[in-house]
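Secondary and tertiary structure notes
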Amino acid sequence: SIMDKVTSQENLPVLVAGAAIGGLAACLYMKRNGGSGVLDVRSTTNSGSSGSAVYESARAVDEYLQFHFATPQELAPIVGPFVSKEALDFPALCARETTLAAGRRGRVLDVGCAVGRHSFELARDFDEVVGFDFSQAFVNACNKMKTHGRSDYKAVIEGQVMDTRTAFVPAGIDVSKCNFVVGDACNMFDISLQGRKMGTFDAVVAANLLCRLPDPKKFLRDMHVVVKPGGVFVLISPYSWLPEYTKKGEWIGGFTDANGKAIMSKDQVRAALAAGFDVVSEKNMPFLIREHQRKYQIGCSHCMVFKRKADKTVVA
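In short, a report on the structure. Keep in mind it's a predicted model, so treat the numbers as computed, not measured.

Another aspect to go through is the overall build of the protein. In terms of regular secondary structure, the protein is built from 10 helices and 13 strands. Evaluated residue by residue, the protein yields a buried proportion of 52% over its 316 residues. Counting only contacts in the protein whose residues sit at least 6 apart along the sequence, the fraction spanning at least 24 positions is 69%.

This is the structure:
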């Protein structure tokens, strides 16, 4: 029965997480999926595992605290020697790309901040950092890290063998520069920051977010308003399109047109931003997400740096 499925051993973590945040996880998921959906807690490394709801589970928070804050030895004690060093420190490198690209280092926006590592790293160089995520559980984790400087998480060793570890905010960071809120990347102008509009930014970074949005085209259009003229937009994505997150009709790329031509995401991103942005650079960025000590998701995101044109007449 449905009740047996909901109360099964596999789904107990989401019941606990749901109680802790007052059921908001289910509400957010249903909001993005037309008011219906089945919660099924699995690892975030399982592609398409129940759409955005997976990011509200306790397991997702644990996996992302590990992804963002674990040392290379903690993250990959066995496979580490076979993986590039860049893949073992992806979140920090996302921040570094943003810092290097930015001419002005006033305000920076971390879209889809997850559990906060990019944002904390950006605080080394920017005056103000705003991070938002659609997941209340992730934002709670960010604020816990900001307040306490640390957070325990469970790492899967093998099967049901777990190890409790601690994520730490890296040394030398002024966390008071960081503010974290819940927000929807497809409705950024509705986000409230301490009772006021979020405003515009000298730099914006969106890492591994684009292909998890229900309306990625709108997100890209809105960048023309969110990024100040002369500011930079750093877009990092593996273009891993899945219908659980984005209806196929909204995909930017990853399909063939009526003539059989392959439509590739990076080309469509360039076209979508061409009116308001110049391409500064592009590169590939590998990443590694751990499921257990011998199983990982390895990917290679495409990073493009755009500079907002000075023409203020360009609007979303």
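Next comes the rest of the account.
A word on the sheet that holds strand β13 (residues 295-308). The strand order β5-β2-β1-β8-β9-β13-β12 describes an open sheet built from 7 strands, whose pairing is mixed. In this open sheet, the two edge strands, each paired with only one partner strand, are β5 (178-182) and β12 (277-292). Put simply, the sheet's adjacent strands are angled 15 degrees from each other on average, direction ignored. As defined by bridge partners, strand β8 (residues 201-207) adjoins strand β9 (residues 227-237) across 6 bridges and the pair is classed as parallel. Looking at the pairing, F201 lines up with V227 of β9. Against the sheet, helix α10 (residues 265-273) touches β9, β12 and β13, its axis set at about 25 degrees to β13.

In contact at an axis separation of 10 Å, helix α4 (residues 58-69) and helix α8 (residues 136-148) are set at 50 degrees when each is read in the N-to-C sense. For the element pair α4 / α8, the angle class is oblique. The interaxial crossing formed by α4 with α8 has right-handed handedness. Contact residues: α4 offers A60, V61, Y64, L65 and F69, while α8 offers A137, F138, A141 and M145.

A separate point is the side chain of D133. In this structure, D133 sits in strand β2 (residues 128-133). For D133, a relative accessible area of 10% gives the class buried. At a separation of 2.9 Å, a polar atom in the side chain of D133 contacts the main-chain amide nitrogen of S135. Setting aside residues no more than four positions away along its own chain, D133 makes contact with G112, C113, A114, F138, V139, V181, V182 and G183.

Below, the discussion takes up helix α9 (residues 216-226). Where α9 is concerned, the buried positions are P216, F219, L220, D222, M223, H224 and V226. The secondary structure elements touched by the buried residues of α9 are β1 (107-111), β8, β9, α10, β12 and β13.

Formed by 54 residues in total, the largest nonpolar core has its most connected members in L65, F120, I236 and L288. Leaving out residues up to four positions away in the same chain, I236 has contacts with F90, C94, V205, A206, A207, N208, L209, M285, S301, H302 and C303. Within the second largest apolar cluster, 34 residues are counted, among which are V111, M188, L235 and V269.

A word on the pairing of β1. Most of β1 sits inside the fold, with 5 of its 5 residues counted as buried. In this sheet, β2 lies alongside β1 in parallel orientation, the contact comprising 5 bridges. Opposite D110, over in β2, you have G131 as the bridge partner. Considered for its hand, the β-α-β crossover made up of β1, helix α7 (residues 117-122) and β2 is right-handed. Two strands pair when backbone bridges link them, and β1 and β8 are joined in this way by 4 bridges, in the parallel orientation. Residue pairing for β8: V111 is matched across the bridge by A206.

How each quantity is defined
Residues numbered from 1 in each chain as written. Predicted model: local features only at pLDDT ≥ 70, side-chain atom pairs only at ≥ 80, totals over all residues. Heavy atoms only, no water. Helix = DSSP H or I, 4+ residues; strand = E, 2+ residues; numbered from the N terminus. Buried < 20%, exposed > 50% of the residue type's maximum accessible area, 1.4 Å probe, protein only. Contact = heavy atoms within 4.5 Å. Pairing = 2+ DSSP bridges. Axes fitted to C-alpha atoms, helices over the stretch in contact; angles between N-to-C directions. Parallel < 35°, antiparallel > 145°, perpendicular 65-115°, else oblique. Left-handed = near helix turned anticlockwise from the far one by under 90°. Polar contact = N/O pair within 3.5 Å; in protein donor to acceptor, adjacent residues only side chain to side chain. Core = buried A, V, L, I, M, F, W, Y, C linked by side-chain atoms within 4.5 Å. Right-handed = clockwise from strand over helix to strand, strands pointing away.

In short, geometric facts, not functional conclusions.
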